[in-house]
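Chains, contacts and geometry: an overview
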Amino acid sequence: MDREKIIVIDFGGQYNQLVARRVRECHVYCEIYSYKTDLEQIRAMNPKGIILTGGPNSCYEEGVPSCREELFELGVPVLGLCYGAQLMMHVLGGRVCKAPVREYGRVEMMVDTSTRLFHDVTPLTVCWMSHNDYIEKMAPGFRMIAHTADCPVAAAQNTSRDLYAVQFHPEVLHTLEGSKILHNFVYDICGCAGDWRMDSFVETSIQAIRKKVGGGKVLCALSGGVDSSVAAVLLSKAVGSQLTCVFVDHGLLRKNEGDEVEEVFGPGGPYDLRFIRVNAQERFYGKLKGVEEPEHKRKIIGEEFIRVFEEEAKKIGKVDFLVQGTIYPDVVESGLGGESAVIKSHHNVGGLPDYVDFKEIIEPLRNLFKDEVRKVGLELGIPEKLVYRQPFPGPGLGIRIVGEVTAEKVKMVQDADAIYREEIAAAGLEKTPDQYFAALTNMRSVGVMGDERTYDYAVALRAVNTVDFMTAEASQIPWEVLQRVTNRIVNEVSHVNRVLYDITSKPPGTVEFE
Ligand code: GLN
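What comes next is a walk through the structure. (Residues numbered from 1 in each chain as written. Predicted model: local features only at pLDDT ≥ 70, side-chain atom pairs only at ≥ 80, totals over all residues. Heavy atoms only, no water.)

**Notes on the overall build of the protein**
For the protein, the count of helices and strands is 14 helices and 18 strands. The C-alpha radius of gyration computed for the protein amounts to 25 Å, which stays within 12% of the reference 24 Å derived for 514 residues, consistent with globular compactness. Seen along its three principal axes, the alpha-carbon backbone of the protein occupies a region of about 75 × 65 × 40 Å. Across the 514 residues that make up the protein, the buried fraction comes to 57%. Taking all contacts inside the protein whose residues are at least 6 apart in sequence as the whole, residues at least 24 apart take part in 74%. (Helix = DSSP H or I, 4+ residues; strand = E, 2+ residues; numbered from the N terminus. Rg over C-alpha atoms; globule rule 2.2 N^0.38 Å. Buried < 20%, exposed > 50% of the residue type's maximum accessible area, 1.4 Å probe, protein only. Contact = heavy atoms within 4.5 Å.)

**Here's the deal with the site of the ligand**
Residues in close proximity to the ligand include Gly-54, Gly-55, Pro-56, Asn-57, Cys-82, Tyr-83, Gln-86, Ser-130, His-131, Asn-132, Asp-133 and His-169, which together make up its full environment. Contact between the ligand and Asn-57: a nitrogen atom at 2.6 Å from a main-chain N or O atom of the residue. At 3.0 Å from a nitrogen atom of the ligand is found a main-chain nitrogen or oxygen belonging to Ser-130. Surface burial for the ligand is 91%, taken as the share of its 300 Å² of free accessible area covered by protein chains. Looking at the shell around the ligand, the elements with two or more residues in it are helix 3 (83–91) and strand 6 (124–137). Across the shell around the ligand, the residue classes break down as three nonpolar, eight polar and one charged. (Near = heavy atom within 4 Å. Polar contact = N/O pair within 3.5 Å; in protein donor to acceptor, adjacent residues only side chain to side chain. Areas by Shrake-Rupley, 256 points an atom, 1.4 Å probe, with all protein chains shown as cover. Nonpolar A, V, L, I, M, F, W, Y, C, P; charged D, E, K, R; others polar.)

**Here's the deal with the sheet that holds strand 1 (residues 5–10)**
Backbone hydrogen bonds are what pair the strands of a sheet, in a parallel or an antiparallel way. Taken together, the nine strands give an open sheet; going across it, the order is 2-1-3-4-9-8-7-5-6, and neighbouring strands pair in mixed fashion. Edge positions in the sheet fall to strand 2 (29–34) and strand 6, since each of these pairs with one other strand and no more. Averaged over all pairs of adjacent strands, the angle between strand axes in this sheet comes to 20°, irrespective of strand direction. Inspection of the sheet shows strand 7 (residues 143–147) paired to strand 8 (residues 155–158) by three bridges, in the antiparallel sense. Bridge assignment links Ala-146 to a residue of strand 8, and that residue is Ala-155. (Pairing = 2+ DSSP bridges. Axes fitted to C-alpha atoms, helices over the stretch in contact; angles between N-to-C directions.)

**Some details on the pairing of strand 12 (residues 274–279)**
Successive side chains on a regular strand alternate, one facing one side of the sheet and the next facing the other. One ladder, built from six bridges, connects strand 11 (residues 243–249) with strand 12; its direction is parallel. Within strand 12, the residue paired with Phe-247 across the bridge is Arg-277. Since strand 11 and strand 12 lie parallel, the crossover through helix 7 (residues 257–265) that links them has a hand, and here it is right-handed. (Right-handed = clockwise from strand over helix to strand, strands pointing away.)

**Let's talk about unusual backbone geometry**
Looking along the chain, the bond that leaves Lys-506 and enters Pro-507 is cis, with omega of -15°. On the secondary structure map, Pro-507 appears in the segment after strand 18 (496–501). With an omega dihedral of 10°, the bond running from Pro-507 to Pro-508 counts as a cis peptide bond. Tracing the sequence through the fold places Pro-508 in the segment after strand 18. A positive phi is found at Asn-46, a non-glycine position, where the angle reads about 55°. Among the secondary structure elements, Asn-46 is positioned in the loop between helix 2 (39–44) and strand 3 (49–52). Despite not being glycine, Cys-82 has its phi angle at roughly 55°, a positive value. Turning to its location among the elements, Cys-82 is positioned in the loop between strand 4 (78–81) and helix 3. Overall, Cys-82 belongs to the buried group, its relative accessible area being 5%.

**Some thoughts on the nonpolar core**
Residues Leu-219, Phe-265, Tyr-420, Leu-461 and Ile-489 are the most contacted members of the largest nonpolar core, which totals 90 residues. In terms of residues, this core owes the most to one element, helix 6 (residues 226–239), which gives nine residues. For Leu-219, the residues in contact, after removing those within four places along its chain, are Thr-244, Val-246, Phe-309, Ala-313, Ile-316, Val-319, Phe-321, Leu-322, Val-323 and Phe-358. In this structure, Cys-127, Met-129, Ala-155 and Tyr-328 belong to the second largest nonpolar core, which totals 40 residues. (Core = buried A, V, L, I, M, F, W, Y, C linked by side-chain atoms within 4.5 Å.)

Given below as structure tokens:
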């Protein structure tokens with residue numbers, strides 16, 4: 001596809017995905033690539049512009065992530081952010097060294113608003129900084145266009161070569177006019193037209209799927225979550241009853257969730273597709289018996305999924321394609337996109353077994369961020385209730401039970417979670433945290449019930465506020481609500497005698513427990 005594209009080159013910064021998301025919010029398509037990507041490959045992609053991300057290293061040190069000088073000679077505008085800005089200066093003959101004064105957090109910045117990059121930005125604006133190093137001397141041909149009290153070069157440009165460097169992070173929301181600055185870069189400097197729209201995505205995807213699938217049979221792995229639901233509806237619109245959706249109830253779903261999925265996608269629902277529900281609870285519990293290590297559990301659940309599909313596929317006859325609801329952060333977080341460390345192997349990405357009985361895998365959402373998937377869902381007419389459903393991990397409750405998974409523990413966490421959700425809804429707080437759930441810790445402790453000693457499990461409640469799930473803060477659920485939830489869980493769920501509330505943010509914690 002010859003869609004206009006901005007390329008983000010990842011130097012290991014924390015906010016690399018945010019950079020791409022902000023660009024896409026400007027309706028310009030954007031992809032992330034590692035700094036190790038071959039220059040020829042980048043040239044071949046014919047980008048309209050290139051953005052270099054921040055990163056943890058110091059560019060003047062030996063063996064750190066770098067780039068070739070030719071990157072700045074492609075005739076394509078380049079914007080360096082933080083490490084990317086420092087590297088640009090370093091490679092082009094400027095000097096970067098330890099800053100006499102480091103800056104972290106919100107900083108006031110004076111900008112030259114006569115420049116294209118800062119067009120329409122307030123002369124005294126607020127940016128977000130996070131650096132130890134600074135640009136001591138700009139590379140030849142550059143002019144300083146922004147500074148702060150402690151940072152003499154907060155931004156610089158070389159307009160004859162279309163190169164721009166900013167020490168701050170325009171991608172984080174704390175940089176008040178960051179989106180405007182990125183908008184200026186992609187439109188006024190790179191000359192993008194802004195052709196990335198979800199309605200056209202739906203249109204082109206349906207066409208592309210039809211072309212690829214032809215008369216073939218398609219099997220879709222339906223989990224009931226947002227991603228696989230949107231993927232399934234997209235496929236159903238493209239190829240109708242050539243699509244069979246297999247919904248594996250792996251016994252690790254929330255309470256009653258299996259039946260709810262069946263109501264929407266089953267024969268009574270609005271979609272043109274074939275629906276098969278496989279009740280595979282026992283099989284998954286069997287495989288998980290005695291397994292405690294989180295990555296191991298994820299792999300087992302992912303593999304077992306594929307095995308169940310293979311078996312269903314054999315019953316159906318010849319199947320040509322398998323659909324998965326993989327999305328872009330899954331790809332990047334699995335270490336396949338940019339430079340980010342492998343934090344968790346993703347159910348859709350890492351768990352694929354060596355041999356697969358299908359001709360090909362179709363991942364129609366592979367390039368989309370979550371908010372884009374939701375927009376596609378709404379475009380497709382999927383009910384809001386489903387589209388705005390809380391994220392639920394592929395391995396389900398399997399990773400909300402710390403340690404070994406057993407049928408009894410699944411029941412405990414399902415019941416506790418249902419109570420938690422009921423009470424949050426009753427208090428009118430459903431929209432307050434962005435995600436909330438109960439998990440079962442592997443901790444047993446002593447309690448007393450009816451004058452009798454108990455030795456039972458502790459349930460952990462989690463609720464977080466987040467914009468993008470990259471970072472998150474614990475939500476401040478009112479004390480009375482937490483008390484009510486706690487009382488009910490301890491009274492109603494057997495073998496739970498203690499309830500804990502997790503106030504860890506991400507980082508250093510993750511939203512899920514495993
Ligand atoms: N490591 C570099 C510094 O400390 C760049 C930091 C960043 O990109 N956030 O200045």
